[in-house]
Amino acid sequence: MPNQNDHLIVAATEPPQNPPRTLRMNFPAPGVEYPFSVGDIAYATARRLGPGWNADAGYWGTQGSIWGPYTASFTLLIDVEGDLCMVYDVAASDEWPEAPQLPPGVREFSAGLFLPDACAADGLDHIADQLAAALRAITGT
């Protein structure tokens, strides 16, 4: 059975597995269907974490990076299943809690954590609040 990392690799290298059955004839204007990007989520999360935290958007805003007063950095991305994920490596020098209490709606997987129920309709503020709370739990701050 493939693990979450396998899905991330597929998401980055292969086209969607199930194309729509019918062609779409009316297309939404830019910014209507998805009013913010993954990069925007990274910026909003860093703002909530406060001074000492920074963020940057990846190409086309499809990824976001967050870093702060720790050795580790955090990458936001959407996996092949459409879940918002935050991947990171734990550095021994960071001395984080071994079993963090994650906020509701946040789950762990082998490379980090993900928000299986998050969607654009939740709004940028709510998603950034969830991720900031998760980062605080992970880092013990």
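Residues numbered from 1 in each chain as written. Predicted model: local features only at pLDDT ≥ 70, side-chain atom pairs only at ≥ 80, totals over all residues. Heavy atoms only, no water.

Observations regarding the overall build of the chain
We count it as follows: Secondary structure elements follow DSSP: runs of H or I no shorter than four residues count as helices, runs of E no shorter than two count as strands, and numbering proceeds from the N terminus. Here the term buried applies to any residue with accessible area under 20% of the maximum for its type, exposed to any over 50%, and partly exposed to those in between, with areas from a 1.4 Å probe on protein chains only. Here, two residues are considered to be in contact whenever any of their heavy atoms come within 4.5 Å of each other. The method behind every accessible area is Shrake-Rupley, applied with a 1.4 Å probe, and residues are considered shielded solely by the protein chains displayed.
Within the chain, the regular secondary structure consists of three helices and six strands. When the helices and strands of the chain are listed from N to C terminus, the series reads α-α-β-β-β-β-β-β-α. Buried positions account for 38% of the 141 residues belonging to the chain. Summarising the internal contacts of the chain: among those between residues at least 6 apart in sequence, 52% fall at separations of at least 24. Total accessible area on the chain is roughly 9,000 Å²; 54% of this is exposed by carbon and sulfur atoms.

Focus on the confidence of the model for the chain
We apply this condition: For every residue, the predictor reports its confidence as pLDDT, a number between 0 and 100.
The predicted model of the chain has a mean per-residue pLDDT of 87, with 87% of residues at 70 or higher. Across the chain, helix 2 (residues 38–49) holds the top mean pLDDT of 98, while helix 1 (residues 4–13) sits lowest at 52.

Here's the deal with the pairing of strand 2 (residues 64–67)
Short version of the rule: In this description, strands pair whenever DSSP reports at least two bridges between them.
Here strand 2 shows a clear split, with Gly64 and Ile66 buried on one side and none of Ser65 and Trp67 buried on the other. Looking at chain direction, strand 1 (residues 54–57) and strand 2 are connected through four bridges and run antiparallel. Residue alanine 57 lies in a different strand from strand 2, and its bridge partner there is glycine 64. Of the strand pairs in this sheet, strand 2 and strand 3 (residues 73–78) are connected by four bridges, and their pairing is antiparallel. Within strand 3, the position partnered with serine 65 by the bridge is threonine 75. Linking strand 2 back to strand 3 in an antiparallel pair, the connection comprises five residues.

Regarding the side chain of aspartate 79
Here is the rule we go by: Only four residue types enter the tally: Lys and Arg on the positive side, Asp and Glu on the negative side, with His and both chain ends excluded. Here a salt bridge means any side-chain nitrogen of Lys or Arg lying within 4 Å of a carboxyl oxygen belonging to Asp or Glu. Pairs of N or O atoms are called polar contacts if they sit within 3.5 Å, as long as, within protein, a hydrogen donor faces a hydrogen acceptor (for residues adjacent in sequence, only side-chain-to-side-chain pairs).
One can find aspartate 79 in the loop between strand 3 and strand 4 (84–88). Buried aspartate 79, no salt bridge; nearest opposite-charge side chain is arginine 107, N-O distance 10 Å. In this structure the side chain of aspartate 79 is engaged in a polar contact, spanning 3.0 Å, whose partner is the backbone nitrogen of glutamate 81.

Thoughts on the packing of aromatic side chains
Selection criterion: What counts as a ring pair is set by centres within 6.5 Å for rings of Phe, Tyr and Trp (its six-membered ring), and what kind of pair is set by the plane angle: stacked under 30 degrees, edge-to-face over 60, tilted for all other angles.
Scanning all chains against the criterion turns up seven aromatic pairs. A ring pair is formed by phenylalanine 74 and tyrosine 88, whose centres lie 5.3 Å apart and whose planes are at 55 degrees; its orientation type is tilted. Placement of phenylalanine 74 in strand 3 and of tyrosine 88 in strand 4 is noted, with a sequence separation of 14 residues between them. Comparing phenylalanine 74 with tyrosine 88, the two get one shared label, buried. Between tyrosine 88 and tryptophan 96, the ring centres sit 6.1 Å apart and the planes meet at 65 degrees, which makes this aromatic pair edge-to-face. Of the two residues, tyrosine 88 and tryptophan 96, neither departs from the other in class, the shared state being buried. Of the aromatic side chains, those joined through ring pairs into one cluster are Trp53, Tyr70, Phe74, Tyr88 and Trp96.

A closer look at the pattern of salt bridges
Pairing of side chains with opposite charge becomes possible as their charged atoms draw close. According to the stated counting rule, one finds two salt bridges in the structure shown. Aspartate 125 is the salt-bridge partner of arginine 48, the closest N and O atoms lying 2.7 Å from each other. Within this pair, whereas arginine 48 is found in helix 2, its partner aspartate 125 is found in helix 3 (residues 124–139), the two being separated by 77 residues in sequence. Between arginine 48 and aspartate 129 there is a salt bridge whose closest N-O contact spans 2.6 Å. Taken together, the residues arginine 48 in helix 2 and aspartate 129 in helix 3 connect sequence positions 81 residues apart. Classification of arginine 48 by relative accessible area gives partly exposed; the value is 25%.

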